[in-house]
Amino acid sequence: MEGVTGQVMFDSHVAVLLEQAVSLVNALTDGEARGRPYATPDAADLPEVIDAAVGRFAASLPRDIDAAQADYMVGTARRMREVFRAMQDGEPDVAARAVNALLRDTAARPRLDRAAGGGWQVHFHGPDDSFAAGCGAGCATALALAVGGGLAGRLGVCRADRCDRVYVDTSRNAARQYCSTACQNRTKAAAFRARNA
Ligand SMILES: [Zn+2]
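This write-up is about the structure you can find in this document. Remember, it's a predicted structure, so these values are computed and weren't measured experimentally. (Residues numbered from 1 in each chain as written. Predicted model: local features only at pLDDT ≥ 70, side-chain atom pairs only at ≥ 80, totals over all residues. Heavy atoms only, no water.)

## Observations concerning the overall build of the protein
Part 1 of the argument: In terms of helices and strands, the protein carries seven helices and six strands.
Part 2 of the argument: In the protein, the succession of α and β elements from N to C terminus is α-α-β-β-α-α-α-β-β-α-β-β-α.
Part 3 of the argument: For 197 residues, the compact-globule formula gives about 16 Å, and the C-alpha radius of gyration of the protein, at 17 Å, lands near that figure.
Part 4 of the argument: Summarising its shape, the C-alpha atoms of the protein cover approximately 60 × 40 × 35 Å along the three principal directions.
Part 5 of the argument: With 197 residues in all, the protein has 46% of them scored as buried.
Part 6 of the argument: If you take every contact in the protein between residues at least 6 apart in sequence, the share linking residues at least 24 apart comes to 56%. (Helix = DSSP H or I, 4+ residues; strand = E, 2+ residues; numbered from the N terminus. Rg over C-alpha atoms; globule rule 2.2 N^0.38 Å. Buried < 20%, exposed > 50% of the residue type's maximum accessible area, 1.4 Å probe, protein only. Contact = heavy atoms within 4.5 Å.)

This is the structure we're talking about:
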């Protein structure tokens, strides 16, 4: 996360949750990643993959990720991908319906929790305190705040050839087009080869 620019646009907690949503979508949905086919990991590997995907962003979440919770997160990730895709394709109504369905199904609700450094911070909880419920509710709420807050154009799907990984654009000029510098460089190199062919 490019901290300073991200915090200008999104509340920092929401920015963290959006990065978590990106990380989960990219780890848990089939498609293509940086020029290669990508398949959702096998069930046996899912808890570890999910833990790694949210690890940087959710130090405080409980990590009791069992098979049922892993399965739930894969389903949630697929539905979150639909929000990114719809915004990329200029279908905000589709994105809004997908977000509303996620909010409903995750039963997301705000709550003030004691912040690590003292004071209070708004967190988004699910119906219980399990990892999957909390994580799903947090991601759904962050997507709602992005789509409803006029920043929906910041949700993107990589435009590089053979890649469909998603991203949140925190650049100052909202000009990001790729999931990663790897895809940006790949695209530049391909254009260079095409010009010189
Ligand atoms: Zn990409």
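## Things to note about the coordination of the zinc ion
Part 1 of the argument: Donor atoms from the polypeptide that coordinate the zinc ion comprise Cys158 (SG), Cys163 (SG), Cys179 (SG) and Cys183 (SG), at 2.3 Å from the metal.
Part 2 of the argument: One can describe the site at the zinc ion as tetrahedral: its four donor atoms subtend angles covering 105 to 117° at the metal.
Part 3 of the argument: In the primary sequence, the donor residues of the zinc ion line up as C-x4-C-x15-C-x3-C. Highlighted residues: cysteine 163 in the loop between β5 (155-157) and β6 (166-168) and cysteine 183 in helix α7 (residues 181-196), separated in sequence by 20 residues. With respect to burial, cysteine 163 and cysteine 183 carry one shared label: buried. (Donors = N, O, S within 2.8 Å, 3.2 Å for Na, K, Ca; no water. Tetrahedral: all angles 85-135°; square planar, octahedral: opposite > 155°, others 65-115°.)

## Some thoughts on the nonpolar core
Part 1 of the argument: Counting residues in each nonpolar core, the largest one holds 42 residues, and the members touching the most others are Leu24, Leu28, Ile50, Val83, Phe84, Leu143 and Leu155.
Part 2 of the argument: Within the residue set of this core, elements represented by two or more residues are α2 (12-28), α3 (46-55), α4 (67-88), α5 (92-106), α6 (131-148), β5 and β6.
Part 3 of the argument: Other than its neighbours up to four places away in sequence, leucine 143 contacts Leu18, Met80, Val83, Phe84, Val99, Leu102 and Leu155. (Core = buried A, V, L, I, M, F, W, Y, C linked by side-chain atoms within 4.5 Å.)

## Thoughts on the environment of alanine 86
Part 1 of the argument: In this structure, alanine 86 sits in helix α4.
Part 2 of the argument: Overall, alanine 86 belongs to the buried group, its relative accessible area being 0%.
Part 3 of the argument: Taking the C-alpha atoms as reference, alanine 86 lies 9.6 Å from valine 157; in sequence the two are 71 residues apart.
Part 4 of the argument: Setting aside anything within four residues of it in sequence, one finds alanine 86 in contact with Glu91, Val94 and Ala95.

## Things to note about the state of the cysteines
Part 1 of the argument: Tallied over the full model, the rule gives zero disulfides.
Part 2 of the argument: Counting only cysteine sulfurs, cysteine 139 is the nearest neighbor of cysteine 135, a cysteine outside any disulfide, at a range of 4.5 Å.
Part 3 of the argument: The exposure class assigned to cysteine 135 is buried, which follows from its relative accessible area of 1%. (Disulfide = S-S within 2.5 Å.)

## Concerning the side chain of serine 171
Part 1 of the argument: For serine 171, the position within the fold is in the loop between β6 and α7.
Part 2 of the argument: Separated by 3.2 Å, the side chain of serine 171 and the backbone nitrogen of alanine 174 make a polar contact. (Polar contact = N/O pair within 3.5 Å; in protein donor to acceptor, adjacent residues only side chain to side chain.)

## Some remarks on the packing of α2 against α4
Part 1 of the argument: The interhelical angle for the contact between α2 and α4, taken along N-to-C directions, is 110°, at an axis separation of 8 Å. Overall, the two elements α2 and α4 adopt an arrangement that is roughly perpendicular. On the side of α2, the interface is formed by Ala21, Val22, Leu24, Val25, Asn26 and Leu28, while α4 contributes Met73, Val74, Ala77, Met80, Arg81 and Phe84.
Part 2 of the argument: For the contact of α2 with α4, a count of residues per class yields ten nonpolar, one polar and one charged. (Axes fitted to C-alpha atoms, helices over the stretch in contact; angles between N-to-C directions. Parallel < 35°, antiparallel > 145°, perpendicular 65-115°, else oblique. Nonpolar A, V, L, I, M, F, W, Y, C, P; charged D, E, K, R; others polar.)

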